[in-house]
Amino acid sequence: MSAAPSTNGVRTADVLVVGAGLVGLASALALADRGLRVLLLNDTRRGEASPAAAGMLAPTVEPATEGGAAFAFGIASRERYPAYLATLRERTGIDVPLNRLGVIRLALDEGAEVALRRELPDGSRWLDAAEVADLEPALAPAVGAAFHPHDGAVNNLVLMRALKHAIGNHGRIQVLGDAVLDVAFERGGGVQASTRDERRLSAGLLVLAAGAWSAQIDGLPRPIPVEPVRGQMMSVASKALRHVVYGGAGYVVPRADGRTLVGATVERVGFDADFTEGGVAAVREMGAAIAPSLAAARMLNAWAGLRPMTPDGLPVLGRDPEWPSLIYACGHSRNGVLMAPLTGDVVADLAAGEEPRVDLAPFAIERFAGRANSHAGRDG
């Protein structure tokens, strides 16, 4: 890994990537693979969404991605995974577990059945009660279920490890364990940044990928409509299920190592990343409603993550309309793991001056009204 050039004490690069969750990691790697010199700012914070997630790849289940170009982006994100993981395996030797058995969404009562049948997307099918029991005998009795055969889950922790390995061996990426405090954009292009550890940074482009903390950087040209939403989760020792299953208010995600992840609460509590007794009890109840044996399964761990939520559940992705040296890659809400590889691809497309490979119109920052910040960019 080469050191970033320094001029008069200022570290310089082609691109400054702020945030080292899955979106930031994927973006940094894609940018460097295009030949750009990258400074990746990694400030580890409690409650980061990427390591706390369950790793679901479920664009036909999560409602934020239904319809039009946004739905197409979710489907393309899911389909990017097999080749993406194969490439990571070739360059790192790390085999990231990928579950593509499909996702079951249970109808636990007739009201849920009516809704799920009405919303059943192309390519999915309805299972009656007997078919559900045959597919997953450990599930709670259900009226039926929507089955999404192409969805699934990835082990997000192993994915992060593989990406960090690839980045650590890349000659065009330098990782700084620091946090950007403020930025200033120049009319002639480029961006200056200062950090918590009193570093000064300069780059041609800035990629904002700081998750739930994206709105906290001073100097951004407009408000960032991203807020933290806590999700409490737990893991239990259970091999009862093979498929990812949604049901009632929760979901369960089986892992190949004999764990089952159960989640998740939805709590607006600011940046409080603690898990609570009440939250763990609620999550346990969610799991038991899906598979009764999970009620007594031994708990292995409990944790909380902070989803970076936007008002419409869609990411903020693309160039700023007034300051082209700023590329947004934040606010992925419940779909950060799903969308990370493809987000990295389109960030690299934008940085290279190419047309993005998919339509980014649904994700433009302009869809949110707001005044410019008082620290907006400066002439340069």
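Residues numbered from 1 in each chain as written. Predicted model: local features only at pLDDT ≥ 70, side-chain atom pairs only at ≥ 80, totals over all residues. Heavy atoms only, no water.

*Asks:* Quick question: what am I supposed to make of the overall build of the protein chain here?
*Replies:* Broken down by element type, the protein chain carries eight helices and 20 strands. Here the C-alpha atoms of the protein chain give a radius of gyration of 21 Å, agreeing with the 21 Å that 2.2 N^0.38 yields for 380 residues. Based on the C-alpha atoms only, the size of the protein chain along its principal axes is roughly 70 × 40 × 40 Å. Of the contacts formed within the protein chain by residues at least 6 apart in sequence, a portion of 73% connects residues at least 24 apart. Distance between charge centroids for the protein chain: 5 Å, based on 37 positive and 42 negative side chains. (Helix = DSSP H or I, 4+ residues; strand = E, 2+ residues; numbered from the N terminus. Rg over C-alpha atoms; globule rule 2.2 N^0.38 Å. Contact = heavy atoms within 4.5 Å. Lys, Arg positive; Asp, Glu negative; His and termini not counted. Charge placed at Lys NZ, Arg CZ, Asp CG, Glu CD.)

*Asks:* I keep staring at helix 6 (residues 156-168) and nothing clicks. Help me out?
*Replies:* Every α-helical turn comprises 3.6 residues, leaving residues that sit three or four positions apart pointing alike. For helix 6, which comprises 13 residues, the first-to-last C-alpha distance of 18 Å matches the rise-based estimate of 18 Å (1.5 Å per residue) to within 8%. Along helix 6, the positions that sit buried rather than exposed are Asn156, Val158, Leu159, Met160, Ala162, Leu163, Ala166 and Ile167. Where helix 6 starts, the residue carrying a side-chain oxygen 3.2 Å from the main-chain nitrogen of Leu157 turns out to be Asn155. (Expected span 1.5 Å × (residues − 1). Buried < 20%, exposed > 50% of the residue type's maximum accessible area, 1.4 Å probe, protein only. Polar contact = N/O pair within 3.5 Å; in protein donor to acceptor, adjacent residues only side chain to side chain.)

*Asks:* Looking at this model, I keep getting lost on the pairing of strand 20 (residues 326-330). Mind explaining?
*Replies:* Each regular strand shows side chains that alternate between the opposite faces of the sheet. Judged by how many residues are buried, strand 20 sits mostly within the fold: five of five residues are covered. Going residue by residue along strand 20, you find Leu326, Tyr328 and Cys330 tucked away on one face and Ile327 and Ala329 tucked away on the opposite face as well. Bridge analysis of strand 13 (residues 200-208) against strand 20 gives three bridges, and the strand direction is parallel. Considered in strand 20, the bridge of Val207 is made with Ile327. Both strand 19 (residues 316-319) and strand 20 contribute to a ladder of four bridges, which runs antiparallel. Paired with Arg319 across the two strands is Ile327, which belongs to strand 20. Linking strand 19 to strand 20, which pair antiparallel, is a turn of six residues. (Pairing = 2+ DSSP bridges.)

*Asks:* Is there a simple way to explain the sheet that holds strand 14 (residues 227-237) in this structure?
*Replies:* Sheet strands line up and pair through hydrogen bonds in the backbone, either parallel or antiparallel. Read from one edge of the open sheet, eight strands run 7-8-6-15-16-17-14-18, paired in mixed fashion. Pairing within the sheet leaves two strands with one partner each, and these edge strands are strand 7 (125-128) and strand 18 (299-309). Pairs of neighbouring strands in the sheet enclose a mean axial angle of 25°, with direction left out of account. Sheet topology note: the strand 6 (residues 103-107)/strand 8 (residues 144-148) ladder contains five bridges and is antiparallel. Looking across to strand 8, one finds that Ile104 is bridged to Phe147. Across the sheet, helix 4 (residues 110-119) lies against strand 6 and strand 7, angled at about 135° from strand 6, the strand it touches most. (Axes fitted to C-alpha atoms, helices over the stretch in contact; angles between N-to-C directions.)

*Asks:* How should I be thinking about the side chain of Asn99 in this particular structure?
*Replies:* Within the element layout of this structure, Asn99 appears in strand 5 (residues 98-99). From its side chain, Asn99 meets the backbone nitrogen of Leu101 in a polar contact 2.9 Å long. Of note is the side chain of Asn99, whose polar atom sits 3.2 Å from the backbone oxygen of Arg242. Leave out the neighbours within four places in its chain, and Asn99 touches Asp151, Gly152, Ala153, Arg242 and Pro254.

*Asks:* Please clarify how the nonpolar core should be interpreted in this entry.
*Replies:* Considering soluble globular proteins, one finds that nonpolar side chains tend to be buried as a cluster. Of all hydrophobic cores here, the largest spans 53 residues; its most connected members are Leu31 and Leu88. At the level of secondary structure, the elements contributing two or more residues to this core comprise strand 2 (10-18), helix 1 (22-33), strand 3 (38-41), helix 3 (68-92), helix 6, strand 13, strand 20 and helix 8 (336-351). The greatest single-element share of this core, amounting to 10 residues, is contributed by helix 8. Beyond its immediate stretch of four places on either side in the chain, Leu31 contacts Val15, Val17, Leu36, Val38, Val207, Val347, Ala348 and Ala351. Core analysis: the second largest hydrophobic core is formed by 27 residues, Val183, Phe185, Val191 and Phe368 among them. (Core = buried A, V, L, I, M, F, W, Y, C linked by side-chain atoms within 4.5 Å.)

*Asks:* Help me understand the environment of Leu116, please; the structure alone is not making it clear to me.
*Replies:* Assignment of secondary structure puts Leu116 in helix 4. For the pair Leu116 and His165, spaced 49 residues apart in the sequence, the C-alpha separation amounts to 41 Å. Setting aside anything within four residues of it in sequence, one finds Leu116 in contact with Arg105, Leu106, Ala107 and Trp126.

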